[in-house]
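The lines below spell out each chain.
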Amino acid sequence: MSATTSRSRRTGIRRGETASGWLFTAPVILLLGVFLVVPVLMALWVSFSDWGGRGSPFASDVNFVGLDNYSKLLTGGGLAEQDFGMSLKNNAWYVVLVVPIQTAVSLGLAVLVNRAILRGRGFFRTAFYFPSVTSSVAITVLWLFLFSTSGAVNKVLSWVGIHGPNWFNDPSGIIHDLLAAFGVTQGPAALTQNTALGVSWWDWLGGPSVAMTAYIIMAVFTTSGTFMLLFLAALQNLGGDVTEAAMMDGASGWQRFWRVTLPQLRPTLFTVLTLGLIGCWQVFDQIYTGTRGAPGKTTLTPAYLSYQTSFVNQEWGQGAAIAFILFVIIVVFTLFQRWVLRERPVSQRRMRLYQPALAAGTGAGGAPSSVPANGNDDSGKSDDPDKSDDSDKKGALR
C-alpha cells in the first residue's frame, strides 16, 4: 500500500477529495492573494524605500532606505516623532476607555434583553442595535451638532447647573482638568522634563482631551449594539442546569452571574474584546469626518496620521511605516489579551481543598469506593429522580 493511500485512509479523505477541495477554494485564494497579500507586501516594501508616490514602487529610481522611515518615527526627534507619539497617546487612551466600557455596556444590554420577563424584547433589541447599522459618517455629523457649544448636550447639562465645554475645540486633557480643579496646574519635573516619542510623560498621563472624550462616547454608543448581539447569542446557548443548581444552593443573582454565567462566556468575551481592540486602534473615519486631528492634534490617531502623511504630505514611506507599526501593536495586544483570558489549570491551593473529598471517595489501592463520603451506599438513595438530579447538581456546583 502506498504512503499516499495510507495517509488518505488515516485522515478519512477519499481519493480526489483533496483536489476537489483545492479547486473549489482556488477562486477565494486567488482573490485574497491579488487583493490582500500582494498589496500588503508592496506596502511593506514601500515602508523600506523612498518611493514618492509616482510610478511603480519597484522602479529603478526607487531606493532601499532600510529602517530610516521607522527611525524617523521612533527616534528621529523631529516633528514626525512628536506627531506619531501624540497619535499613540490619543489612541491609547481611546482604547483604554472604549474597550472596557463598550464590553460592559454590551454585556449588560444582552443580559437585560435576554430576560424572559421583559416585555417588548424585540423592540429593545432593535433599538439598541440600530446605531450600529447607521453610517459612521452620519453619526459623526450628528455628534458635531449635539456636542457643539450651543448643542443639545450642553443644554441638558445647563439644566443641572453644569456649564458644558466647547467639546470639539477643547484640547485640554480631562485628567489635567480634574487636577486643575484641585489647584494642580503643573506636573513634577520628572514628568514634564522626560519624554517618550517626543511627548512628555505629563501629557501622556493627562488623559484624553475633551474633544477625544466626545469620540469615546460616540464609539460606545455605536458599537455596544453589535457586541450585544454576540453576548445575546452566547447567553441563549447556555444550559440552565448549573444556574438552577446554584439557585437551589442559595446563590444570589450576582453570584450566579459572576461564578456561573460569566465563566461560560469566556470565548465570546475574548471575541468581543479582540474585535473592540482592533476597531479602536483602527479608528479613522470619525476623525476624518470630524476634527481631522484638531484641536492641537489631540484627536490625531495613527490610522489618520498614516493617511495624512501619505496622501497629504506625500511621505509614502513614513505613512506605510506607521501602518505596519500599528499592525504590530494590534498583534501584540491581541496576543496579550489571549494570554490573560486563557484557560488556567486549577491551582495547588484549590487542589488541596478538594483532596479530602477525593480521598473520601477513593477506596484502598486507589480504587473508587462503593460507599460515598456521607457513609450511605447506593441503596440509601431516594427513588425520586428529581431529588437525585438536584443532589447531583449541588455536588457539581460545589
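Residues numbered from 1 in each chain as written. Predicted model: local features only at pLDDT ≥ 70, side-chain atom pairs only at ≥ 80, totals over all residues. Heavy atoms only, no water.

From N to C terminus, the protein includes 19 helices and two strands. Counting across all 398 residues of the protein, residues that qualify as buried make up 31%. Within the protein, contacts between residues separated by at least 24 positions form 67% of all contacts whose residues are at least 6 apart in sequence. Of the accessible surface of the protein, which amounts to about 24,300 Å², a share of 64% is contributed by carbon and sulfur atoms. (Helix = DSSP H or I, 4+ residues; strand = E, 2+ residues; numbered from the N terminus. Buried < 20%, exposed > 50% of the residue type's maximum accessible area, 1.4 Å probe, protein only. Contact = heavy atoms within 4.5 Å. Areas by Shrake-Rupley, 256 points an atom, 1.4 Å probe, with all protein chains shown as cover.)

Across residues other than glycine, the phi torsion is negative in most instances, and most of the peptide bonds are trans. Of note, the bond from alanine 294 into proline 295 is cis; its omega dihedral lies within 30 degrees of zero at -5°. By the element assignment, proline 295 lies in the loop between α15 (285–289) and α16 (302–312). Located in the positive-phi region is leucine 197, a residue other than glycine, with phi close to 55°. For leucine 197, a relative accessible area of 22% corresponds to the partly exposed category.

By size, the foremost hydrophobic cluster in this structure holds 57 residues, and its most contacted members are Phe84, Tyr94, Trp143, Phe168, Tyr215, Phe231 and Trp281. When contributions to this core are tallied by element, the ones reaching two or more residues are α3 (68–74), α4 (79–113), α6 (136–146), α11 (210–236), α13 (253–264), α14 (266–281), α16 and α17 (316–340). Ranked by residues supplied to this core, first place goes to α11 with 13 residues. Not counting residues up to four positions away in its chain, the partners in contact with phenylalanine 231 are Thr103, Ser106, Leu107, Ala110, Leu265, Thr268, Leu269 and Val272. The next biggest cluster of nonpolar side chains, apart from the first, holds five residues, and it includes Val46, Trp51, Trp316 and Ala320. (Core = buried A, V, L, I, M, F, W, Y, C linked by side-chain atoms within 4.5 Å.)

A separate point is the side chain of glutamine 102. Secondary-structure assignment places glutamine 102 in helix α4. Under the relative-accessibility criterion, glutamine 102 is labelled buried at 2%. With sequence-adjacent residues up to four places away left out, glutamine 102 is seen in contact with Ala219, Val220, Thr223, Ser224, Phe227 and Gly276.

Looking now at a nonpolar patch on the surface. Nonpolar side chains collect at one region of the surface, where Val28, Leu32, Leu36, Val37, Val40, Leu41 and Leu44 lie side by side and expose about 590 Å² of accessible area between them. When its relative accessible area of 45% is taken as the criterion, leucine 32 is described as partly exposed. (Patch = residues over 30% accessible without salt bridge, like charges linked within 9 Å, V, L, I, M, F, W, Y side chains within 5 Å. Salt bridge = Lys/Arg side-chain N within 4 Å of Asp/Glu carboxyl O.)

If you walk through the whole model with that rule in mind, you get 24 aromatic pairs. Note on tryptophan 45 and phenylalanine 58: the rings are 6.3 Å apart at their centroids and 10° apart in plane angle, and the pair reads as stacked. Linking tryptophan 45 in helix α2 (residues 17–47) with phenylalanine 58 in the loop between α2 and α3, this pair joins segments that are 13 residues apart in sequence. Classification of phenylalanine 58 as exposed rests on a relative accessible area of 51%. (Phe/Tyr/Trp six-rings, centres within 6.5 Å; stacked < 30°, edge-to-face > 60°.)

Below, the discussion takes up α11. An ideal rise of 1.5 Å per residue puts 39 Å on 27 residues; α11 measures up with 39 Å between its terminal C-alpha atoms. The sharpest bend along α11 reaches about 35° and sits at serine 224. With respect to burial, α11 is a largely interior element, 19 of its 27 residues being buried. (Expected span 1.5 Å × (residues − 1). Bend = angle between axes of the 7 residues up to and from the residue.)

Right, let's get into the environment of leucine 232. Here leucine 232 is to be found in helix α11. Distance from leucine 232 to leucine 109, taken between C-alpha atoms, is 8.6 Å for residues 123 residues apart in sequence.

Turning to the environment of leucine 326, a few remarks are in order. Tracing the chain through its elements places leucine 326 in helix α17. Residue leucine 326 is classed as buried on the basis of its relative accessible area of 9%. Sequence separation of leucine 326 and tryptophan 281 is 45 residues, and the distance between their C-alpha atoms is 7.6 Å. Once residues within four sequence positions are removed from consideration, leucine 326 is found in contact with Trp281, Pro302 and Ala303.

So, about the packing of α14 against α17. One can describe the packing of α14 onto α17 by two numbers: an axis separation of 10 Å at closest approach and a directional angle of 160°. Here α14 lies roughly antiparallel to α17, going by the angle between them. Two packed elements cross with a definite hand, and for α14 against α17 that hand is right-handed. Within the contact between the two elements, α14 uses Phe270, Leu273, Thr274, Leu277, Ile278 and Trp281 and α17 uses Leu326, Ile329, Ile330, Phe333, Thr334, Gln337 and Arg338. (Axes fitted to C-alpha atoms, helices over the stretch in contact; angles between N-to-C directions. Parallel < 35°, antiparallel > 145°, perpendicular 65-115°, else oblique. Left-handed = near helix turned anticlockwise from the far one by under 90°.)

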